[in-house]
Amino acid sequence: MPRRRMLHDSPVKRAILQGPFPISGEELAKRFGISRVAVWKHVRELRRLGYSIRSTGKGYLLEGRPDVPYPWELDVRAVYLPETASTMDVAWKLEDWTFVIAGTQRSGRGRGGRRWFSPPGGLYFSVAVSPNLPLSETDSILSSVLSSIVEVLHDLVSRQSQGRTRFT
C-alpha cells in the first residue's frame, strides 16, 4: 500500500519507464548524477506503486504499469495523493495550473460546496487557476472549460463499456 504522501514528477522515474529496455542502472546513475543505490530506490518505489519491473543482467525491464495517473506518466504539471480530504484543499496551495490528482477523497466537493462520495478507482482531480479577470467574467470561462473537459472525458469513457463519469 502506498504511503500517504504527495508524489511529484520525477525525471529519473520517467527515464526508467521510457527505456530503451533493458535500461541500465549504471547508465541512469551517470545520466542524472546520482548513485546506483538512488536509482534502485526509484525502481523499488515504482514497484511498490504497482509497476512490474524485472531486474536482468543488462538492466531493468518494464513489464507492466498500474492504471494510476502518476505525475511522471502525464504531460502536465501534477501531483498525486493516494488519499486526501479534498483535491481542492491542496490545489489552492500550489502553483497555478498544477493538477492535484487523488486515488480517493474523504470529503470531495464541487461547485457550490456540493459533496460527493469519492471511492477508490475514480479519477478525482482539481486544478487551481488565478486568472486576472473580473469575477463577473469567470462563469463564461468556467462553462467553456467544463464543456471541453466533458468532451474529452466523454471520448475516453465511450471507449470503455463500463465507464461512468460524474460532474458536480
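Up top you'll find the structure we're talking about.
On a predicted model such as this, the values are computed, not experimentally measured, just so you know.

A. Highlighting the sheet that holds strand β6 (residues 124-127). Overall, mixed pairing links the four strands, which are arranged β1-β4-β5-β6 in an open sheet. Edge positions in the open sheet fall to β1 (7-8) and β6, since each of these has one partner strand only.

B. Focus on the nonpolar core. Core analysis: the biggest nonpolar cluster contains 21 residues, and Ile16, Leu46, Tyr51, Ile53, Tyr70 and Trp72 have the highest contact counts within it. Residues contacting Tyr51, with those up to four places away along its chain left out, are Leu17, Leu46, Leu62, Gly64, Arg65, Pro66, Tyr70, Trp72 and Glu73.

C. Spotlight on the packing of helix α1 (residues 11-18) against helix α2 (residues 25-32). Close contact between α1 and α2 brings their axes to 11 Å; oriented N to C, the two are set at 145°. The way α1 lies across α2 gives a crossing that is right-handed. Of α2, the residues touching α1 (which contributes Pro11, Val12, Ala15 and Ile16) are Leu28, Arg31 and Phe32. The residue makeup of the contact of α1 with α2, split by class, is six nonpolar, no polar and one charged.

D. Layout of the packing of α1 against helix α3 (residues 36-48). It is the contact of α1 with α3, at a shortest axis distance of 10 Å, that shows an interaxial angle of 75°. Viewed along their axes, α1 and α3 adopt a mutual orientation that is roughly perpendicular. Contacts between α1 and α3 involve Val12, Lys13, Ile16 and Leu17 on the former and, on the latter, Val39, His42, Val43, Glu45 and Leu46. Each residue belonging to the contact of α1 with α3 can be placed in one class, and the counts come to six nonpolar, one polar and two charged.

E. Just α3, in detail. Taking 1.5 Å as the rise per residue, α3 with 13 residues should run 18 Å; its terminal C-alpha atoms sit 18 Å apart, in good agreement. When we look at burial in α3, the residues that qualify are Val39, His42, Val43, Glu45 and Leu46. Viewed along the axis of α3, the buried residues span an arc of 160°, placing them on a single side of the element. Packing partners of the buried residues in α3 comprise β1, α1, α2, β2 (52-56) and β3 (59-64). Immediately downstream of α3, the backbone of Gly50 shows phi near 110°, a positive value.

What counts as what
Residues numbered from 1 in each chain as written. Predicted model: local features only at pLDDT ≥ 70, side-chain atom pairs only at ≥ 80, totals over all residues. Heavy atoms only, no water. Pairing = 2+ DSSP bridges. Helix = DSSP H or I, 4+ residues; strand = E, 2+ residues; numbered from the N terminus. Core = buried A, V, L, I, M, F, W, Y, C linked by side-chain atoms within 4.5 Å. Buried < 20%, exposed > 50% of the residue type's maximum accessible area, 1.4 Å probe, protein only. Contact = heavy atoms within 4.5 Å. Axes fitted to C-alpha atoms, helices over the stretch in contact; angles between N-to-C directions. Left-handed = near helix turned anticlockwise from the far one by under 90°. Nonpolar A, V, L, I, M, F, W, Y, C, P; charged D, E, K, R; others polar. Parallel < 35°, antiparallel > 145°, perpendicular 65-115°, else oblique. Expected span 1.5 Å × (residues − 1). Arc of directions from axis to C-beta.

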